[in-house]
Amino acid sequence: ACRGVYLKAALGPGGSGGEPKKADADLEKGGGADAPAPRLSKLSLLFYNALLSGAVLAPWLNYTGELEMARAWLEAKPGPAALTSLALSASLGPVLQYAIFVCTQHNSALTTTVVGALKNVGTTYMGMFLGGDYNYSAVNFTGITLSCLASLVYSWAVLLGRQGK
């Protein structure tokens, strides 16, 4: 949710995907003398977000020893299947970031968070039935089911609210 609020603030006016306002048009074409400075573009914002995240993540990975483990794995000459998996996950990460970014731009940060939670619940249910290693517990299953139902109710309420406008 914090990332969504940050994205909304960094996008500036009109970042919610609604109808452009006069102030938004002034921002895009440079405006007059009293127009505020233009905000970051979508791709610039994603780039700086990744750059700042890397600056925080690199020291942490070094501290935990995971950076050295990754370096040793690469020096061990992994097979083509492992390198293909690495390339796919490295290239699909930015695609996921962009999808989250666009979702936050067109919806509220809360909606993006709830949709993400609903996706995680769906993944959990798939893992329960397809993974084969799920140990059934009534409390666990009830909690996951309530979480899923709450996400669905929220999504339905947002949909009804948008249709009423």
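Preceding this section is the structure that the text describes.
In this report, the structure presented in the accompanying data block is examined. Because the structure is a prediction, the values reported are computed rather than measured.

**Some words on the pattern of salt bridges**
Under the defined criterion, the tally for this structure stands at one salt bridge. Here E68 makes a salt bridge to R71, at a shortest N to O gap of 2.9 Å. Placement of the pair is E68 and R71 together in helix 4 (residues 66–75), with a separation of three residues, close to one helical turn. Here R71 falls in the partly exposed class, since its relative accessible area comes to 42%.

**Things to note about helix 5 (residues 80–106)**
Count 3.6 residues to each turn of an α-helix, and residues three or four apart come out pointing the same way. For helix 5, which comprises 27 residues, the first-to-last C-alpha distance of 39 Å matches the rise-based estimate of 39 Å (1.5 Å per residue) to within 8%. Looking at helix 5, one finds that the buried residues are F101, T104 and Q105.

**What to know about helix 6 (residues 109–131)**
Helix length check: helix 6 (23 residues) gives 31 Å between terminal C-alpha atoms against 33 Å at 1.5 Å per residue, within 8%. All of the buried residues along helix 6 are A109, T111, T112, V114, V121, Y125 and M128. One or two steps after helix 6, the chain reaches G132, where phi turns positive at roughly 85 degrees.

**Section: the packing of aromatic side chains**
Aromatic ring pairs: the centre-centre distance and the angle between the two ring planes describe each pair. Scanning the entire structure with this criterion turns up five aromatic pairs. Centroid distance F47 to Y48: 5.3 Å. Interplanar angle 70 degrees. Geometry classified as edge-to-face. Among the residues examined, Y48 registers a relative accessible area of 41% and is labelled partly exposed. Here the aromatic rings of Y98 and F101 are separated by 6.4 Å at their centres, their planes lie at 25 degrees, and the arrangement is stacked. Of this pair, Y98 and F101 both sit in helix 5, three residues apart, roughly one helical turn.

**A closer look at the nonpolar core**
Among the nonpolar cores identified, the biggest contains five residues, and these are V121, Y125, M128, I144 and C148. Counting residues per element, this core draws most heavily on helix 6, at three residues. Every residue in contact with V121, bar those within four places of it in the chain, is listed here: I144, S147 and C148.

**Description of the packing of helix 6 against helix 7 (residues 138–163)**
Where helix 6 meets helix 7, the axes come as close as 9 Å, and the angle between the chain directions of the two elements is 140 degrees. Between helix 6 and helix 7, the crossing angle belongs to the class labelled oblique. The two elements helix 6 and helix 7 cross, and the hand of that crossing is left-handed. Between helix 6, through L110, T111, V114, L118, V121, T124, Y125 and M128, and helix 7, the contact on the second element is made entirely by F141, I144, T145, S147, C148, S151, L152, Y154, S155 and V158. Broken down by class, the residue content of the contact of helix 6 with helix 7 amounts to 12 nonpolar, six polar and no charged.

Procedures and definitions
- Residues numbered from 1 in each chain as written.
- Predicted model: local features only at pLDDT ≥ 70, side-chain atom pairs only at ≥ 80, totals over all residues.
- Heavy atoms only, no water.
- Salt bridge = Lys/Arg side-chain N within 4 Å of Asp/Glu carboxyl O.
- Helix = DSSP H or I, 4+ residues; strand = E, 2+ residues; numbered from the N terminus.
- Buried < 20%, exposed > 50% of the residue type's maximum accessible area, 1.4 Å probe, protein only.
- Expected span 1.5 Å × (residues − 1).
- Phe/Tyr/Trp six-rings, centres within 6.5 Å; stacked < 30°, edge-to-face > 60°.
- Core = buried A, V, L, I, M, F, W, Y, C linked by side-chain atoms within 4.5 Å.
- Contact = heavy atoms within 4.5 Å.
- Axes fitted to C-alpha atoms, helices over the stretch in contact; angles between N-to-C directions.
- Parallel < 35°, antiparallel > 145°, perpendicular 65-115°, else oblique.
- Left-handed = near helix turned anticlockwise from the far one by under 90°.
- Nonpolar A, V, L, I, M, F, W, Y, C, P; charged D, E, K, R; others polar.

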